Amino acid sequence: MCVRRCVITVGDLGEFGVVNRITGRLPQGAAVMLGPGDDAALVAAPDGRVVVSTDLLLEGRHFRRDWSSPYDVGRKAAAQNLADVAAMGAVPTALVIGLGIPADLPVTWLDGLTDGFRDECAVVGASVAGGDVTRCDLVVLGVTALGDLGGRAAVRRDGARPGQVVAVAGRLGHAAAGLALLDAGVPARTEVLERAVAAHRRPCPPYQEGPHAAELGASAMLDVSDGLLQDLGHVATASGVRIELDPQAFAVGEPVLAAAKELAADPLEWVLTGGEDHALAAVFPAGVRLPATWQVVGRVVEGEGILVYGREMGRGGWDHFR
C-alpha cells in the first residue's frame, strides 16, 4: 500500500477545485458587499477613504513549514497585514490574497492555511474578500489588507513633535525570543519557553489600540514589524526629530526572560530590535492620559535619530535584503 496515494493534493483538485475549497471555508463579513466569485470584490468604504497595505511572504524567508503549522502561517500572514491597517488608526475590513502553492501540497495544509486567515480576520470583524491562486515551487503569499478610518484622520509617521511622549501597546521581543530558540534548536522544555516559540509562530497584535490611539490624539504611529529601534527610526526621520528611549521603562515579558536565560542572551536586545510581534508604537501629546494598555517608554526631542539611555546600540531589526 502506498501512503502517498492516500494524500489528496492541490494538484488532484485542480485550479478551480482549489478556489472552491478555499472560498467554501471563508464566511464574508458585513463590509464585503461582493465576495469571491466575480472579476473583483466589492468592499464598503463608509468613510469615503480606503486604507490599503500589502505584504509578501515567502516560504523559507518568512516562515518554515517544519516550524509552523499551516494554521499558524495563515494567522501570521493575516495578522501582519491587519496590524498595518490598525497602525494608521483604521479598522480592518477585508483581505485579498494571492497564493502560490506547489502541486503536491496536501489539501489538508491548504485547509489549515485558509482557516488561519479566517480566524485571524474574525478577531477584527474582517474577512477574505477574494484573491488568486497559481502553481509555484514553494508557498508564496501576497496579502493586501483594506481598512476604514471611520471619520478619523489617518495617523502617519511624520507627526512626532518635540515635547511629546513615545508609548507602545502589545508585546515586544517575544517573537524574536521564539525565533532564537528555534534557530538554536533548543526544545521548548517548559510552558514559558513554548509561549515564546508560539509568539514567533502566531503574533497577537493589539488591533483595537490603533483606532483608540487615533481617538486619544496620537500624532504618529506604526506597526512594530522590523524591530522597535528600526521602526521608530522611520518616525524620527519622517518627523525630523530625535526619539530617546528609557530601557528601564520596558516591561520585559516572562517568555523573553526565560529564553534569554536559556540562550545566555540579552533580553532587552530582543525587545528593542526583534520584529514580528506587531506591537504598536505611537507618539502622543505629553498631557494625554493614556490607558494601561499603553506604556510610555520614551520622549521626543529636537535633533535626529534614536537614543537609548545608557546603552550603545545600533538600529538592528529586520532588513529584507540582508
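Parameters and conventions
- Residues numbered from 1 in each chain as written.
- Predicted model: local features only at pLDDT ≥ 70, side-chain atom pairs only at ≥ 80, totals over all residues.
- Heavy atoms only, no water.
- Helix = DSSP H or I, 4+ residues; strand = E, 2+ residues; numbered from the N terminus.
- Rg over C-alpha atoms; globule rule 2.2 N^0.38 Å.
- Buried < 20%, exposed > 50% of the residue type's maximum accessible area, 1.4 Å probe, protein only.
- Contact = heavy atoms within 4.5 Å.
- Phe/Tyr/Trp six-rings, centres within 6.5 Å; stacked < 30°, edge-to-face > 60°.
- Lys NZ or Arg CZ within 6 Å of the ring centre and 35° of its normal.
- Pairing = 2+ DSSP bridges.
- Axes fitted to C-alpha atoms, helices over the stretch in contact; angles between N-to-C directions.

Student: Give a detailed account of the overall build of the protein, specifying residues and quantitative values.
Tutor: Scanning the protein for helices and strands turns up 9 helices and 12 strands. Its C-alpha atoms give the protein a radius of gyration of 20 Å, near enough to 20 Å, the size a compact globule of 322 residues would have. Taking the principal axes of the C-alpha coordinates as reference, the protein spans close to 65 × 50 × 30 Å. Every one of the 322 residues in the protein was classed for burial, and the buried ones make up 49%. Pairs at least 24 apart in sequence give 86% of the contacts found in the protein among residues at least 6 apart.

Student: Break down the packing of aromatic side chains for me, with residues and values.
Tutor: Two aromatic rings, taken as a pair, are described by how far apart their centres are and by the angle between their planes. With the rule as written, the count across this model stands at 1 aromatic pair. With a centroid separation of 5.2 Å and 75° between ring planes, the pair formed by F284 and W294 is classed as edge-to-face. Taken together, the residues F284 in strand β10 (residues 279-284) and W294 in the loop between β10 and β11 (295-301) connect sequence positions 10 residues apart. For W294, a relative accessible area of 5% puts it in the buried group. Its guanidinium or amino end placed over the ring of W67, R64 lies 3.8 Å from that ring's centre, counting from NZ or CZ. Over the ring of W109 we find R65, and its NZ or CZ is 5.7 Å from the ring centre.

Student: Which residues make up unusual backbone geometry, and what values go with them?
Tutor: Excluding glycine, residues mostly carry a negative phi; peptide bonds, for their part, are mostly trans. Even without glycine at this site, E276 takes up a positive phi of about 75°. Here E276 is to be found in the loop between α9 (267-273) and β10. Not every positive phi belongs to a glycine, and H278 is a case in point at roughly 60°. Assignment of secondary structure puts H278 in the loop between α9 and β10.

Student: Quick rundown of the sheet that holds strand β6 (residues 140-148)? Include the residues and the values.
Tutor: Overall, mixed pairing links the 4 strands, which are arranged β3-β6-β4-β5 in an open sheet. Two strands close off the open sheet at either side, each with one partner strand: β3 (51-58) and β5 (127-135). Across this sheet, the average inter-strand angle for adjacent strands is 15°, counted without regard to direction. Helix-sheet contacts for helix α1 (residues 10-23) involve β4 (91-101) and β5, and the interaxial angle to β5 is about 160°.

Student: Please provide a residue-by-residue account of the sheet that holds strand β7 (residues 165-169), values included.
Tutor: Reading across from one edge, β8-β10-β7-β11-β9-β12 is the order of the 6 strands in this open sheet, with mixed pairing throughout. The sheet terminates laterally at β8 (220-224) and β12 (305-308), the two strands that pair on one side only. Averaged over neighbouring strand pairs, the angle between their axes works out to 25° when direction is ignored. Pairing between β7 and β10: 5 bridges, direction antiparallel. The partner of V166 across the bridge, within β10, is V283. Docked against the sheet, helix α6 (residues 209-216) engages β7, β8 and β10, running at close to 0° with respect to β10. Each of β7, β8, β9 (242-245), β10 and β12 is contacted by helix α7 (residues 228-239), which is oriented at about 155° to β8, the strand it contacts most.

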